[in-house]
Amino acid sequence: MNDDRRGRLTVTLCRDVADFADLAAEWDALHRRCTTATPFQSHAWLHSWWLSYGVPGRLRVVLARRDGRLIGAAPLMLVHRPMPLLVPMGGAISDFFDILVDAEDTRAAVTALERGLHRAASHTVVDLREVRPDASAHLLFEVWPGVRSSRTDSTCMELPAEPIDALIARMTGSRAQRARAKLRRIDTLGIECRTAPVHHVSGAIGNLLALHELQWLGRGVNPEHLRPRFCSHLVRSTRRMVRDGEASVREFVLDGEVVAADLSYRSARLTGGYLYGVHPRLRERKVDVSMMLLREIAREAGDLDHGVLSLLRGAEQYKNHWGPVPVVNRRLLLARSGLEPLLRLRETQLTVRDRAAEAVKSRVPAARDWRSRLSELPAAGMAFIGRT
């Protein structure tokens, strides 16, 4: 593939995990140059995820280069159930998907990735979940030469990246007064927040997961959060991301004991809480945990001048107290023209699954976990103020 005006364009397909590991430095550089990238497209997150969850022989990463410089990447993998599909790396525990494109060479990067993906998907449907409205993947969708389809996915709630005082000012008078009173109570109790350095990430993640399990004891904790592979992935990826300024692990200490911990990630335009754990004694002492956690992550987002503070997936009513903006992710389906019957079959599968999930929700409100399984919603990425 050539573009003589600005240099030679090449497209390759990475299928070997060792080769993907070697991409770390240039992938990180591209991630920084891609203005739409989220933390879940970082090399640290994706490579670590593959080591814990990947299946040998299924890696499919499309790479676009101009004169050897990486200008585009589509991190995908092959699955065979319920049909042959190319789906995002990162799986169920990643909140967002996007391709990476160099902001200085976007058009060429998207064109190259389209051609590479068209070849890679010669026998499969491409099923891209949780694509944010401003994601670069929409540019790929627009130039796709075959058949395509777009449908709604999860709803996310977002706030401006501002300190907690500015967020409280968005509330009505009585709610703002209650919020300030809750913060005063936290300060009166003497709860100290400390951020874990790189060398303490492993221990801090261990504390977080232990508190998370204790928090949901007897109430149906997500089983994936208790599995060793999940812990290994969080420790491995977060250690690198803390080192690179893309993640923070905070511990909250009361009377010398760690009583809460949370994990947040950030990229060029987005900061979001991912997972937290809290000791029941904080509830007993009437501490508003969501307020405590939000204050710290808002401070982080505001200090770093990141544009969006994401409450991640879920439009729960309590989030509306902060006056967030609802943002609906998209699910993009792509296929070659000759594979239109497969794409339509995939659409039918998703429609049936969505209807089954809604039936479960309406008839058995307590079965929210089963609804999430039916609808394939990512299970492990959680808003720091209470989504499970």
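Residues numbered from 1 in each chain as written. Predicted model: local features only at pLDDT ≥ 70, side-chain atom pairs only at ≥ 80, totals over all residues. Heavy atoms only, no water.

### Observations regarding the environment of P163
At step 1: Secondary-structure assignment places P163 in the loop between β7 (147–160) and α6 (164–168).
At step 2: Considered as a pair, P163 and A301 are 138 residues apart in the sequence and their alpha carbons are 7.7 Å apart. (Helix = DSSP H or I, 4+ residues; strand = E, 2+ residues; numbered from the N terminus.)

### A word on the packing of aromatic side chains
At step 1: Inspection of the entire model under this criterion finds 10 aromatic pairs.
At step 2: An angle of 50° between the planes, with centres 5.9 Å apart, marks the rings of F40 and Y274 as tilted. Here F40, found in the loop between α2 (24–33) and α3 (43–53), pairs with Y274, found in strand β11 (residues 270–278); they are 234 residues apart in sequence, far enough to count as distant. Here F40 and Y274 have matching classes, each one buried.
At step 3: Ring plane angle 15° and centroid distance 5.7 Å describe the contact between W49 and Y53, whose orientation is recorded as stacked. With a gap of 4 residues between them, W49 and Y53 both fall in helix α3, about one helical turn apart. (Phe/Tyr/Trp six-rings, centres within 6.5 Å; stacked < 30°, edge-to-face > 60°. Buried < 20%, exposed > 50% of the residue type's maximum accessible area, 1.4 Å probe, protein only.)

### What about helix α7 (residues 173–189)?
At step 1: Over its 17 residues, α7 runs 25 Å from end to end, which matches the ideal 24 Å to within 8%, given 1.5 Å per residue.
At step 2: Burial in α7 covers these residues: A176, A179, L183, I186 and L189. All buried residues of α7 lie within an arc of 155° about the axis, which places them on one face of the element. Exposed and facing more than 90 degrees away from the buried side of α7 are Q177, R184 and T188.
At step 3: Within two residues after α7, G190 carries a phi angle of roughly 80°, on the positive side. (Expected span 1.5 Å × (residues − 1). Arc of directions from axis to C-beta.)

### A look at empty space enclosed by the protein
At step 1: Considering all chains together, one arrives at 1 cavity of 30 Å³ or more under this definition.
At step 2: What the largest cavity holds in volume is close to 40 Å³.
At step 3: Every residue along the wall of the largest cavity is listed here: P39, F40, Y265, L270, G272, G273, Y274 and L312.
At step 4: Residue composition of the lining of the largest cavity, by class: 6 nonpolar, 2 polar and no charged. (1 Å grid on protein atoms, 1.4 Å probe; cavity = no way out; pocket = protein on both sides within 12 Å on 5 of 7 lines; lining within 4 Å. Points joined across faces, edges and corners; volume = space filled by probe spheres on them. Nonpolar A, V, L, I, M, F, W, Y, C, P; charged D, E, K, R; others polar.)

### Brief notes about the nonpolar core
At step 1: Residues F20, W27, W45, L117, L234, Y265 and Y274 are the most contacted members of the largest nonpolar core, which totals 88 residues.
At step 2: Take this core: its biggest share by element is 8 residues, from strand β3 (residues 69–79).
At step 3: Counting 32 residues, the second largest nonpolar core, distinct from the first, contains I164, L167, A260 and M292. (Core = buried A, V, L, I, M, F, W, Y, C linked by side-chain atoms within 4.5 Å.)

### Topic: the packing of helix α8 (residues 201–215) against helix α9 (residues 228–243)
At step 1: Direction vectors running N to C along α8 and α9 enclose 135°, while the axes themselves pass 9 Å from each other. It follows from the interaxial angle that α8 and α9 lie oblique. As for how α8 packs across α9, the hand of that crossing is right-handed. Residues V201, S202, I205 and L209 of α8 pack against F230, C231, L234, V235, T238, R239 and V242 of α9. (Axes fitted to C-alpha atoms, helices over the stretch in contact; angles between N-to-C directions. Parallel < 35°, antiparallel > 145°, perpendicular 65-115°, else oblique. Left-handed = near helix turned anticlockwise from the far one by under 90°. Contact = heavy atoms within 4.5 Å.)

### What to know about the confidence of the model for the protein chain
At step 1: Predicted confidence across the protein chain gives a mean pLDDT of 89, with 90% of residues reaching 70 or more.
At step 2: For residues 369–388, every residue scores under 50 in pLDDT, and the model assigns this stretch 80 contacts once sequence neighbours within four places are set aside. (pLDDT = per-residue confidence, 0-100.)

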